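# Structural characterization, general
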Amino acid sequence: MNIQATHSADATTVEEALATPQHQPVVDSKGATAVAMQNTLLTPRFYTTDFDTLDAIDVSAVRDEWDTLIGTMKADPNKGHFKKNEDWDHIDWENMAPGLKAEFIDFLISSCTAEFSGCVLYKEMKRRGNNKDITELFQFMARDEARHAGFINDALREAGIAVNLGFLTQKKKYTYFRPKFIYYATYLSEKIGYARYITIFRHLEQNPDKRFHPIFKWFKEWCSDEFRHGEAFALLMKTDPKLTSGVNVYWIKFFLTAVYSTMYVRDHQRPAFHEALGVDTDWYGQEVFRKTSEISRQIFPITLDIDHPRWMKGLKHLQKANADLARHKDNGNIFGRVGAMVRAAVAFVGLYTIPAVRHNVPGETRLEPAY
Ligand SMILES: [Fe+2]
Ligand SMILES: [Fe+2]
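Residues numbered from 1 in each chain as written. Chains lettered and ligands numbered in written order. Predicted model: local features only at pLDDT ≥ 70, side-chain atom pairs only at ≥ 80, totals over all residues.

Scanning the protein chain for helices and strands turns up 14 helices and four strands. Here the C-alpha atoms of the protein chain give a radius of gyration of 20 Å, agreeing with the 21 Å that 2.2 N^0.38 yields for 371 residues. Its C-alpha atoms give the protein chain principal-axis dimensions of roughly 60 × 55 × 40 Å. Long-range pairs, those at least 24 residues apart, make up 80% of the contacts in the protein chain between residues at least 6 apart in sequence. (Helix = DSSP H or I, 4+ residues; strand = E, 2+ residues; numbered from the N terminus. Rg over C-alpha atoms; globule rule 2.2 N^0.38 Å. Contact = placed C-beta atoms within 7 Å.)

Moving on, we come to the domain arrangement of the protein chain. Per the domain assignment, the segments making up the protein chain are domain 1 (15-300) and domain 2 (305-361). The gap between the C-alpha centroids of domain 1 and domain 2 is 24 Å. With 13 residues of domain 1 at the contact, the number on the domain 2 side is 11 residues. Of all the secondary structure elements, the ones that give two or more residues to the side of domain 1 that touches domain 2 are helix H10 (248-268) and helix H12 (281-296). Grouping the amino acids of the side of domain 1 that touches domain 2 by side-chain chemistry returns five nonpolar, five polar and three charged. (Domains from an automatic or database assignment. Nonpolar A, V, L, I, M, F, W, Y, C, P; charged D, E, K, R; others polar.)

What follows covers the nonpolar core. Within the largest apolar cluster, 87 residues are counted, with the highest numbers of intra-cluster contacts made by Leu108, Cys112, Cys119, Ala146, Leu156 and Val163. Taken domain by domain, the makeup of this core includes at least three residues from each of domain 1 (15-300) and domain 2 (305-361). When neighbours within four sequence positions are excluded, Leu108 is seen to be in contact with Ile152, Ala155 and Leu156. (Core = buried A, V, L, I, M, F, W, Y, C linked by C-beta atoms within 7 Å. Buried ≥ 20, exposed ≤ 12 C-beta atoms within 10 Å, placed from the backbone.)

Its 23 residues give helix H13 (residues 309-331) an end-to-end C-alpha distance of 34 Å, which sits within 8% of 33 Å, the value for a rise of 1.5 Å per residue. Every buried residue belonging to H13 is among Trp311, Gly314, Leu315, Leu318, Gln319, Ala321 and Asn322, and all of these are buried. Residues of H13 that are buried sit in contact with H10 and helix H14 (334-352). (Expected span 1.5 Å × (residues − 1).)

Moving on, we get to the environment of Val62. As for its position among the elements, Val62 is in the loop between helix H3 (51-55) and helix H4 (63-75). For the pair Val62 and Leu236, spaced 174 residues apart in sequence, the C-alpha separation works out to 8.5 Å. Leaving out residues up to four positions away in the same chain, Val62 has contacts with Leu235, Lys238 and Thr239.

Looking now at the environment of Leu137. In this structure, Leu137 sits in helix H6 (residues 132-158). Along the chain, Leu137 and Ala232 lie 95 residues apart, while their C-alpha atoms are 7.9 Å from each other. Those residues in contact with Leu137 that lie beyond four places of it in its chain are Ile70 and Ala232.

Quick look at H10 now. Compared with an ideal rise of 1.5 Å per residue, which puts 21 residues at 30 Å, H10 spans 30 Å between its outermost C-alpha atoms and is within 8% of the ideal. All of the buried residues along H10 are Ile252, Phe255, Leu256, Thr257, Val259, Tyr260, Ser261, Met263, Tyr264, Val265 and Asp267. Buried-residue contacts for H10 involve helix H8 (179-206), helix H11 (271-277), H12, strand E3 (302-303), H13 and H14.

Despite not being glycine, Asp76 shows a phi value in the positive range, around 55 degrees. Among the structural elements, Asp76 can be located in the loop between H4 and helix H5 (98-128). The partly exposed category is assigned to Asp76, around which 13 C-beta atoms lie within 10 Å.

So, on to the packing of helix H2 (residues 30-37) against H5. For the pair H2 and H5, interaxial distance at closest approach is 9 Å and the crossing angle is 55 degrees. When the axes of H2 and H5 are compared, the pair comes out oblique. Here the hand of the crossing between H2 and H5 comes out right-handed. Here H2 contributes Ala32, Val35 and Ala36 to the contact with H5, which in turn contributes Asp106, Ile109 and Thr113. Broken down by class, the residue content of the contact of H2 with H5 amounts to four nonpolar, one polar and one charged. (Axes fitted to C-alpha atoms, helices over the stretch in contact; angles between N-to-C directions. Parallel < 35°, antiparallel > 145°, perpendicular 65-115°, else oblique. Left-handed = near helix turned anticlockwise from the far one by under 90°.)

Moving on, we come to the environment of Pro241. By the secondary structure assignment, Pro241 is in the loop between helix H9 (219-238) and H10. Remark: the alpha-carbon pair of Pro241 and Arg147, spanning 94 residues in sequence, is separated by 33 Å.

Attention shifts here to the packing of H8 against H10. Helix-helix packing is described using two parameters, namely the angle between the two axes and the distance between the axes. Relative to each other, H8 and H10 sit at 40 degrees, their axes nearing to 10 Å. Here H10 runs oblique to H8, going by the angle between their axes. Viewed along their axes, H8 and H10 form a crossing whose handedness is right-handed. Residues Lys180, Tyr184, Ala185, Leu188, Ser189 and Ile192 of H8 touch H10, and the partners they reach there are Asn248, Trp251, Ile252, Phe255, Leu256, Val259 and Met263. For the contact of H8 with H10, the per-class residue count stands at 10 nonpolar, two polar and one charged.

Below, the structure is given as structure tokens:
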């Protein structure tokens, strides 16, 4: 007998998860959906790709590691986890400091959009594919992301808002990425997602008084899902050595620089949020980059030299240029805007040209979450 799940946390497939109340708009949330609709360099995007190329991947070269990973996803250790239970503390949204409330809601909306972006991409791959290995993997990953997005929408609902995910699916612009760019970008976003969530989780374990919202209690299991998704992309890349050698190493460096610097700039837009958590944003950034770099050695032949004297300086220039850009957008100063854009581009090139650290990639790819 197949009983339909009533919560996205209990769903066994992505279709079932999307049919639950967590994915239905219940309140008028035009503002939240408008935020999620934004397509800038810094906001989460929706992606599409050449699905036939992905479908043609032959995983036999990594069969043992692949089967172990799929076995864990099939066993579904986090089924039923992503919903409120007795650990969910009441939140007094009315009396939350307005600055913190605005930044935290922005954090939840952008996280929900990012989770849902993964869901949409993975679900589409599963729908279009015929390769059993590939469709099975993408079905499991889409299921997980639908649960994550549904859970964040649960949290937002308590503040009286929800992101209309059905509307986003239909109306948000899709950015086309060649499959190899999808591998680099998605692999990194899964692994950096793991590093971000586990760093916050460990920090709040040590400082429970700073846990101003219960959702952080769910971050440990949450990030093991993301870790597994990253493992899958590492194995997909492993099937074709060309993807991580030759000229592609420059692309890897580009994506590492873009993903790290975007995170840095974005996090600095939320000072009240990080202060409430008791986290120094510069420390947090470096800590997350260090973990992500350590993990990405499993597949990438280079890591960024984040201890280089130009690294932190460059990030700060980029962040300042970005803040000025936003300010000039608001006040309509076109010269100021162009100037800030040029400074941002120069800062990015400066970061990109820091010599990378080369190393050998291990024969066996698979890692377990270690932080
Ligand atoms: Fe996720
Ligand atoms: Fe994920």
